[in-house]
Amino acid sequence: PVFDEKQVLDEVVEAVISEMTLEEKVAGVFLVRPEDITGVDVAVQAGEGTKTALEQYPVSGLIYFAQNIKSADQFKEMLGNPVSYSKYPLFLAVDEEGGEVARLAKSLNLDNVGPMREIGESEDPARAKEAMASVGTYLKDHGVNLNFAPVADILDEEEKGSFQSRSFGKDAALVSNMVTASLEGLKETGIIGCVKHFPGMGDGTEDTHEQMTVIDKTKEELYQKELLPFAAAIQSGAEMIMVGHASYPQITGDNTPASLSKEIITDILRVEMEYNGVVITDGLNMGAIVEYYGADEAAINALKAGADLLLMPEDFSLAYEGVLEAVREGTISEERIDDCLKRIFRIKYRDSVGS
């Protein structure tokens with residue numbers, strides 16, 4: 001018989017999930033800051049407290065910010081320890097886009113590859129690939145395996161909005177080429193890339209970190225422009241896509257953020273665009289969410305909408321207990337959680353299978 005890697009991987013994943021308790025499964029759909037599970041104010045090391053926390057809450061991964069990075073050795077150790085404590089493989093994530101959003105480069109005085117806008121202006125995808133390969137190399141060296149980049153948002157004509165330097169530019173075809181090249185650069189260095197912020201937030205005038213932003217485009221308009229870089233990324237094998245918190249009332253009928261919208265995540269991304277990878281929400285601790293939803297409500301709504309991975313709820317234990325309760329009551333099926341975990345574990349266990 002022909003050795004089928006995909007089949008073997010699926011069998012490994014199913015076997016892991018079948019052994020998990022419901023509590024472990026629910027913890028597995030969260031990606032949080034180390035502070036969220038350990039209760040410390042600022043985490044700069046991972047010792048017994050982290051070990052205990054990961055035993056109680058075997059979350060899918062941890063995300064690190066500038067406050068967690070003091071020196072190269074300290075950071076490597078801080079990321080290395082949880083790997084040995086965790087029952088399941090961990091995502092160890094940062095936002096390292098280059099330019100103003102570069103947690104490691106800034107904290108450790110590494111070479112900053114510069115803003116993606118400048119790379120976009122070169123119109124040379126090879127530069128994007130090279131930049132992300134360089135980022136991927138130093139991330140890998142410090143123990144990071146997941147980068148919340150590249151940005152696939154397209155700048156609007158007036159260049160308003162909060163993506164001026166973070167976007168590759170205004171042209172959909174250019175941004176598409178830059179995004180796929182960036183993903184290649186990360187992949188070649190062994191880093192999982194995460195394309196953001198679906199379905200495209202370049203026209204948003206407010207910053208969703210602070211408040212709601214409404215994008216008044218129809219689905220047809222999004223397909224003509226905003227969705228093109230995501231379609232290109234899916235075509236090239238993107239493993240993770242982050243859904244933003246902008247509202248698209250022409251599509252959803254109200255101001256529900258994209259990250260909590262079934263029309264956007266399930267109907268457009270999963271069904272119409274045929275995306276089978278992991279869908280992660282943007283940080284659920286942002287203003288666009290916390291001003292309108294409780295931590296448990298946001299987590300439940302995101303899962304119901306089709307998200308697989310919940311990033312940084314404002315109150316982790318409230319969100320975790322809320323999801324657990326929802327599954328016990330049947331508001332969310334356990335199969336739905338298993339589905340999330342299948343996609344997550346396909347990434348985590350793929351390197352242990354075959355090649």
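What counts, and where the lines are drawn
- Residues numbered from 1 in each chain as written.
- Predicted model: local features only at pLDDT ≥ 70, side-chain atom pairs only at ≥ 80, totals over all residues.
- Heavy atoms only, no water.
- Pairing = 2+ DSSP bridges.
- Helix = DSSP H or I, 4+ residues; strand = E, 2+ residues; numbered from the N terminus.
- Core = buried A, V, L, I, M, F, W, Y, C linked by side-chain atoms within 4.5 Å.
- Buried < 20%, exposed > 50% of the residue type's maximum accessible area, 1.4 Å probe, protein only.
- Axes fitted to C-alpha atoms, helices over the stretch in contact; angles between N-to-C directions.
- Parallel < 35°, antiparallel > 145°, perpendicular 65-115°, else oblique.
- Left-handed = near helix turned anticlockwise from the far one by under 90°.
- Contact = heavy atoms within 4.5 Å.
- Salt bridge = Lys/Arg side-chain N within 4 Å of Asp/Glu carboxyl O.
- 1 Å grid on protein atoms, 1.4 Å probe; cavity = no way out; pocket = protein on both sides within 12 Å on 5 of 7 lines; lining within 4 Å.
- Points joined across faces, edges and corners; volume = space filled by probe spheres on them.
- Nonpolar A, V, L, I, M, F, W, Y, C, P; charged D, E, K, R; others polar.
- Phe/Tyr/Trp six-rings, centres within 6.5 Å; stacked < 30°, edge-to-face > 60°.
- Lys NZ or Arg CZ within 6 Å of the ring centre and 35° of its normal.
- Polar contact = N/O pair within 3.5 Å; in protein donor to acceptor, adjacent residues only side chain to side chain.

(A) Molecular detail of the sheet that holds strand S3 (residues 91–94). What the six strands build is an open sheet, ordered S7-S6-S3-S2-S1-S11; its pairing is parallel. The open sheet has two edge strands with one neighbour each: strand S7 (192–193) and strand S11 (310–311). Here two bridges tie strand S6 (residues 146–147) to S7, and the two strands are oriented parallel to one another. Of the residues in S7, the one forming a bridge with Leu146 is Ile192.

(B) Region of interest: the nonpolar core. Counting 124 residues, the largest nonpolar core has Phe30, Leu31, Phe148, Phe198, Met240, Val323 and Phe345 as its most contacted members. Here this core takes eight residues from helix H9 (residues 172–188), the largest share from any one element.

(C) Broad picture of the packing of helix H1 (residues 5–18) against helix H17 (residues 334–349). Running from N to C, H1 and H17 point in directions that differ by 125 degrees, and their axes come no closer than 9 Å. In terms of axis orientation, H1 runs oblique to H17. Relative to H17, the crossing made by H1 is right-handed. Packed against H1, whose contacting residues are Leu9, Asp10, Val12, Val13, Glu14, Val16 and Ile17, the element H17 presents Asp338, Leu341, Lys342, Phe345, Arg346 and Tyr349 at the interface.

(D) Just the pattern of salt bridges, in detail. Scanning all chains against the criterion turns up 25 salt bridges. Notably, a salt bridge pairs Lys196 with Glu97, separated by 2.8 Å at the nearest N-O pair. One end of the pair, Lys196, is in strand S8 (residues 195–198); the other, Glu97, is in strand S4 (residues 96–98), and 99 residues separate them in sequence. Residues Glu226 and Lys217 are paired through a salt bridge, measuring 2.8 Å at the closest nitrogen-oxygen approach. Three or more residues joined by partner-sharing salt bridges are found here, namely Asp95, Glu97, Arg103, Arg166 and Lys196.

(E) Local environment of unusual backbone geometry. A cis amide bond, omega 0 degrees, links Lys196 with the succeeding residue His197. Within the secondary structure layout, His197 lies in strand S8. A cis amide bond, omega -5 degrees, links Phe198 with the succeeding residue Pro199.

(F) Quick peek at the layout of surface pockets. The computed volume of the largest pocket comes to approximately 390 Å³. Secondary-structure elements contributing two or more residues to the lining of the largest pocket are H1 and H17. Tallied by class, the residues present in the lining of the largest pocket amount to six nonpolar, three polar and six charged. Taken as a whole, the second largest pocket spans an internal volume of roughly 330 Å³. The wall of the second largest pocket is formed by 24 residues, among which Asp95, Arg103, His209, Asp282 and Met286 lie closest to the centre. Of the residues assigned to the lining of the second largest pocket, the class counts are 10 nonpolar, seven polar and seven charged.

(G) Geometry of the sheet that holds S8. Strand order across the open sheet formed by three strands is S8-S9-S10, with parallel pairing between neighbours. The open sheet is flanked by S8 and strand S10 (278–281), the only strands paired with a single partner. Within the sheet, the average angular offset between the axes of one strand and its neighbour, ignoring direction, is 30 degrees. Note: S8 against strand S9 (residues 240–243), three bridges, orientation parallel. What sits directly across from Lys196, in S9, is Met242.

(H) Fine view of the packing of aromatic side chains. Under the criterion given, the structure shown has eight aromatic pairs. For the pair Phe345 and Tyr349, a centre-to-centre distance of 5.4 Å together with 75 degrees between the ring planes defines the contact as edge-to-face. Pair noted here: Phe345 and Tyr349 are both in helix H17, with a separation of four residues, about one helical turn. A single burial state applies to Phe345 and to Tyr349, both of which are buried. Among the aromatic residues, ring-to-ring pairing joins Phe30, Tyr57, Phe316 and Tyr320 into one connected group. We note Lys348 situated over the ring of Phe91; from NZ or CZ to the ring centre the distance is 4.7 Å.

(I) Molecular detail of the side chain of Arg166. Within the element layout of this structure, Arg166 appears in the loop between S6 and H9. Looking at Arg166, its side chain comes within polar contact range of the side chain of Glu97, at 2.7 Å. With residues up to four places along the chain from it excluded, the contact list for Arg166 reads Glu97, Glu100, Val101, Met116, Val151, Lys196 and His197.

(J) The arrangement of the environment of Ser165 in detail. By secondary structure assignment, the location of Ser165 is in the loop between S6 and H9. The exposure class of Ser165 is partly exposed, given its relative accessible area of 23%. Each C-alpha atom, one on Ser165 and one on Ala305, is 31 Å from the other, the two residues being 140 residues apart in sequence. Filtering out sequence-adjacent residues up to four positions away, Ser165 remains in contact with Glu100, Pro115, Met116 and Arg117. For Ser165, the side chain forms a polar contact with the side chain of Glu100, separated by 2.6 Å.

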